[in-house]
Amino acid sequence: MAKAYDYLFKLLLIGDSGVGKTCLLVRFAEDNFSPTFISTIGIDFKVRTIDLDGKRVKLQIWDTAGQERFRTITTAYYRGAMGIVLVYDVTSQKSFQNIRTWIGNINEHASSDVERMLLANKCDMPDRRMVATEQGQKLAAEYQLRFLETSAKSGSNVEEAFFLLAKGIKAKLDGKRSAPGAASGAASSEQRGGKQRQRESGKKFRCEIL
Amino acid sequence: MSLSASSRSKFYVDLEDSPPTEIVEEGYAVYTMKMKKQFVSATGSLHRQLEQPPEDRACIFMAGSLEAIVEGLAPPDHLEDKVDCLHMNILLTTYPAFASTEELLQIVFDKLRNGSSRVNSERLRAALLVTLNAWLAEPFQELLRLPPEFRELRLLAEGCEAAAAAAETSETAGRLDLLARLARRRLETFGAAAAAEASTAEAEAAGCGGQGGRRHWRRVEWDEIDDLQVAEQLTRLDARLFESVRLHECLGSQWGRHRRSGCSPSVDATVQQFNRVCSLVASQALQPGLQPEDRAQLLNRWIHIAQYLRERRSFSSLCAIVCTLNLQCLRRLSRVWRRVPSASRDLLAELSQFANAGENFQAPRRAMHWEGTGKALSRQLSVPGGVGGIGSHRTASSLSLSESSGTVPYLGTFLTDLEGLHSAFPERVHGGLINFDKRRREYDILARLRLYQVTCRQYQYCEDARFEHWLSTIELLSDEQQQLLSLEIQPERRFVSTV
């Protein structure tokens, strides 16, 4: 049976509480956003499928909002993430400083080939801005991250951010394994996601003898 | 139209094909008129009348001014109820998101005195009296319990006294007088409880002051405590904290605002305990000077403690332990894990589903819903050989859910859902009216938490001094120390699979 998409990307939103992660997600999901609550699955954030170079890319975006202060929980989210969006709030110096901690966390727990991106959110509040654009750019350059200033409120750069990240992941996958004839589907894109992920899905919690 | 079978012969029809009508009263309130669900026979013939009597229509309060929300407590005229119960529950649970206690009380007393031009004043008065009574009882009284002054409670008492003096009928005056006396009694008990708490805290602070020799690991103590004891004590601590979570502090508008951190102390306390358990497990397993066998034994014990927690439906600490055991700094210690019995490793793999973040934490949510509501238990009793939900295959574990105990959920997913609602819906709609529909959605989640809070009281574990002593003497390692020690224990940094 034909799949509705060619790629399935799992993305993760990370950053301090209150930086507007969920707002970014809500803004991006827009029409597809289904604010219904089902007791066993929680708030149902419908994912969005975008078009990239003629391919249908389904974006599954996970959000840790509300759980940032539970220490080990975010590490559970990293598993299988192909792209991570690091978000800080330009009106909060602290949320910017903590980006380094989050990066350390990602390095420790996420797959090493995960595509990362830095977003400076709430740029619609120039009078309350505490973090200059240059500071964000500098940090992004230091860690070789893509960088954009966004506003979940106005929608500025939100679309661009997710597209840019998806493009990066796709380029990485296509570059890693040129698959002639383009095998389609989630399975193929996941298979291309690197050995480590494959190993994880097979025997998740087993110890490996070195 | 969607048909869903509720039994073999009856169907309920959700009349979603009839579009809800919006009724807007400019600057006051917005309602949605909906047809109530209809009963139809198995043949599908639908007894639906075109002209619905008021009983079959539901007028749903969507948004309004604070005044309209208060007036919304009066039920529609065709109902005999004294108060719109759901409306009252939503209001008393979520009002801190849109009004201060003082503002709300002001309007309540204004309406009690002056009645209303929009709704039947008599019915409104009756509804307000019921609401004030509920406010002074469990579970809503927590909102009036703000030490040290209990200013809001005092305001309520004074308001009732003033309203009683001005009441038109002696019956209303009598009821208000009773409410005032109830409020005064609460003032006394809350004050006494706060004083007792303060003196206990003082005594504890004095007792813990001079702790020398904390660097010595109390291995003997740890060995003296058995796994079951640890699980029960962790459950006791979690249950106590969860039970005292003030639900409104979980709302997206309260929790998770970085500029206002510290405004959700009861949620903070739950998070701190969760983090403490994480640190505890990691610090113990990584403590310096142990042989791989000792470390393996420690890990093995924590896996069994996790299993006991699961049996006790104590999901918060279970999640903390399982997440920690899967942390990279522990997972990479292959030489240690090799010495952990394979049955225990299988058990951990199974328990790890309780901390699986995939599909928006779907697996843990299902498990919590399934096991936390006692469904698993009834299934276990009726179907030989198993419990549904997570881990349908029984590997190393033989699950015996304890029948009499409660449930402590992991709070994090609830907070994420509430944060999601908060981001998805505006606070104000229709030119500044309070979005009450958003509060209704939030209340759906908070009401489930409240149910769990009630089940929490079923735990009957007594405080264990030895456990408390052991807990207070454990030295917790920082994240950095954990990383360093992990590399010291097993130098080469080669990643193995992680959770």
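Residues numbered from 1 in each chain as written. Chains lettered and ligands numbered in written order. Predicted model: local features only at pLDDT ≥ 70, side-chain atom pairs only at ≥ 80, totals over all residues. Heavy atoms only, no water.

This part covers the overall build of chain A. Secondary structure summary: chain A contains seven helices and eight strands in total. A burial count over chain A gives 57% of its 210 residues as buried. For chain A, the share of sequence-separated contacts (at least 6 apart) that also reach a separation of at least 24 residues comes to 74%. Per element, the accessible surface of chain A, about 9000 Å² overall, is 49% carbon and sulfur. (Helix = DSSP H or I, 4+ residues; strand = E, 2+ residues; numbered from the N terminus. Buried < 20%, exposed > 50% of the residue type's maximum accessible area, 1.4 Å probe, protein only. Contact = heavy atoms within 4.5 Å. Areas by Shrake-Rupley, 256 points an atom, 1.4 Å probe, with all protein chains shown as cover.)

Let's shift gears to the packing of helix α10 (residues 292-311) of chain B against helix α14 (residues 342-351) of chain B. What describes two packed helices is the angle between their axes and the distance between those same axes. All names here are of chain B. Where α10 contacts α14, the two axes come as close as 10 Å, and the packing angle between them is 45°. With respect to α14, the axis of α10 lies oblique. Crossing hand, α10 versus α14: left-handed. Contacts between α10 and α14 involve N300, I303, H304, A306, Q307 and R310 from the former and S344, L347, L348, E350 and L351 from the latter. (Axes fitted to C-alpha atoms, helices over the stretch in contact; angles between N-to-C directions. Parallel < 35°, antiparallel > 145°, perpendicular 65-115°, else oblique. Left-handed = near helix turned anticlockwise from the far one by under 90°.)

Here we take up the packing of helix α2 (residues 85-94) of chain B against helix α18 (residues 436-456) of chain B. Residue and element names in this part refer to chain B. Where α2 contacts α18, the two axes come as close as 9 Å, and the packing angle between them is 85°. Relative to α18, α2 is oriented roughly perpendicular. Listed contacts from α18 to L86, H87, N89, I90, L91, T93 and T94 of α2 are F436, R439, R440, E442, Y443, L446 and R450. Tallied by class, residues from the contact of α2 with α18 come to six nonpolar, four polar and four charged. (Nonpolar A, V, L, I, M, F, W, Y, C, P; charged D, E, K, R; others polar.)

With that settled, consider the confidence of the model for chain A. A low pLDDT means the predicted coordinates there should not be read in detail. On average, chain A scores 81 in pLDDT, and the residues at 70 or more come to 75%. Counting contacts from residues 179-210 of chain A, a segment whose pLDDT is below 50, to residues more than four positions away or on other chains yields 73 contacts. (pLDDT = per-residue confidence, 0-100.)

Quick look at the layout of surface pockets now. All names here are of chain B. If you add up the space inside the largest pocket, you get close to 1600 Å³. Taken together, 41 residues make up the lining of the largest pocket; nearest its centre are E197, R240, L241, S244 and A269. Listed by contribution, the elements that provide at least two residues to the lining of the largest pocket are α6 (170-207), α8 (227-243), α9 (265-286), α18 and α19 (465-473). At seven residues, α6 tops the list of elements feeding residues into the lining of the largest pocket. Residue composition of the lining of the largest pocket, grouped by class: 16 nonpolar, nine polar and 16 charged. Split by domain, the lining of the largest pocket shows at least three residues from each of two domains, domain 1 (8-193) and domain 2 (224-489). (1 Å grid on protein atoms, 1.4 Å probe; cavity = no way out; pocket = protein on both sides within 12 Å on 5 of 7 lines; lining within 4 Å. Points joined across faces, edges and corners; volume = space filled by probe spheres on them. Domains from an automatic or database assignment.)

Moving on, we get to the UniProt feature "domain: N-terminal Ras-GEF" (unreviewed entry) in chain B. Residues given the UniProt feature "domain: N-terminal Ras-GEF" (unreviewed entry) here are residues 57-183 of chain B. Measuring from the first to the last C-alpha atom of residues 57-183 of chain B gives 38 Å, for a span that is 59% helix and 6% strand. (UniProt positions renumbered as here; feature names shortened; annotations may be inferred.)

Our focus in this paragraph is the nonpolar core. Judged by nonpolar contacts, the single largest core of 105 residues is most densely connected at I84 and L86 of chain A together with W302 and I321 of chain B. Here this core gets nine residues from one element, more than from any other, and that element is α9 of chain B. Excluding its chain neighbours within four sequence positions, the residues that come into contact with I84 of chain A are L12, I14, Y78, I106, A110, V114, E115, R116, M117 and L165 of chain A. One finds Y95, L136, L153 and A163 of chain B within the second-largest nonpolar core, a separate group that totals 52 residues. (Core = buried A, V, L, I, M, F, W, Y, C linked by side-chain atoms within 4.5 Å.)

What follows deals with the sheet that holds strand β3 (residues 21-25) of chain B. All names here are of chain B. The sheet built from five strands is open, its strands ordered β3-β4-β6-β8-β7 with antiparallel pairing. Looking along the sheet, the strands with just one partner apiece sit at the ends: β3 and β7 (428-429). Bridge count between β3 and strand β4 (residues 29-35): five bridges; the pairing is antiparallel. Bridge assignment links E25 to a residue of β4, and that residue is A29. Across the face of the sheet, α18 comes into contact with β6 (57-64) and β8 (433-435) while running at roughly 105° to β6. (Pairing = 2+ DSSP bridges.)

This brings us to the domain arrangement of chain B. All names here are of chain B. Partitioning chain B into domains gives domain 1 (8-193) and domain 2 (224-489). Contact between domain 1 and domain 2 buries roughly 2100 Å² in total, counting both sides, with carbon and sulfur atoms accounting for 65%. The largest per-residue losses of area from domain 1 upon contact with domain 2 belong to I90, T93 and E142, which jointly make up 24% of the total buried on that side. Taken together, domain 1 and domain 2 are joined by nine residue pairs in polar contact (both at pLDDT 80 or more). Contributing elements (two or more residues each) for the side of domain 1 that touches domain 2: β3, β4, β6, α1 (66-71) and α2. (Buried area = accessible area lost by both parts, 1.4 Å probe. Polar contact = N/O pair within 3.5 Å; in protein donor to acceptor, adjacent residues only side chain to side chain.)

To continue, consider the packing of aromatic side chains. Inspection of every chain in the model, using the stated rule, returns 18 aromatic pairs over all chains. Site record: aromatic cluster; members linked through ring pairs are F70 and Y77 of chain A together with F274, F361 and Y410 of chain B. Note that R301 of chain B overlies the ring of W222 of chain B, its terminal NZ or CZ placed 4.0 Å from the centroid. (Phe/Tyr/Trp six-rings, centres within 6.5 Å; stacked < 30°, edge-to-face > 60°. Lys NZ or Arg CZ within 6 Å of the ring centre and 35° of its normal.)

Residue and element names in this part refer to chain A. Tracing the chain through its elements places A152 in the loop between β8 (146-149) and α5 (158-176). Under the relative-accessibility criterion, A152 is labelled buried at 11%. Spatially, the C-alpha atom of A152 lies 5.7 Å from that of C23, the residues being 129 residues apart in sequence. Once residues lying within four places of it in the same chain are set aside, the contact partners of A152 are C23, L24, R27, N121 and V158.

So, about the pairing of strand β4 (residues 48-52) of chain A. Along a regular strand, successive side chains alternate from one face of the sheet to the other. Residues and elements named next belong to chain A. Across the two faces of β4 the burial differs, with R48, I50 and L52 buried and T49 and D51 not buried at all. Sheet analysis places β4 next to strand β5 (residues 55-63), joined by five bridges and oriented antiparallel. Directly across from L52, in β5, lies its bridge partner K55. The turn linking β4 back onto β5 is made up of two residues, and D53 within it adopts a positive phi angle of 45°.

On inspection of all chains with the given rule, the structure shows 34 salt bridges over all chains. Between R48 of chain A and E159 of chain A there is a salt bridge; the shortest N-O distance is 2.8 Å. Here R48 of chain A is found in strand β4, whereas its partner E159 of chain A is found in helix α5, with 111 residues between them in sequence. Measuring nitrogen to oxygen at the nearest pair gives 2.6 Å for the salt bridge that ties D227 of chain B to R301 of chain B. With D227 of chain B in helix α8 and R301 of chain B in helix α10, the pair connects residues that are 74 residues apart, well separated along the chain. Of the two residues, D227 of chain B and R301 of chain B, both sit in the buried class. Through salt bridges with shared partners, a single ionic network connects E427, K438, R439 and E442 of chain B. (Salt bridge = Lys/Arg side-chain N within 4 Å of Asp/Glu carboxyl O.)

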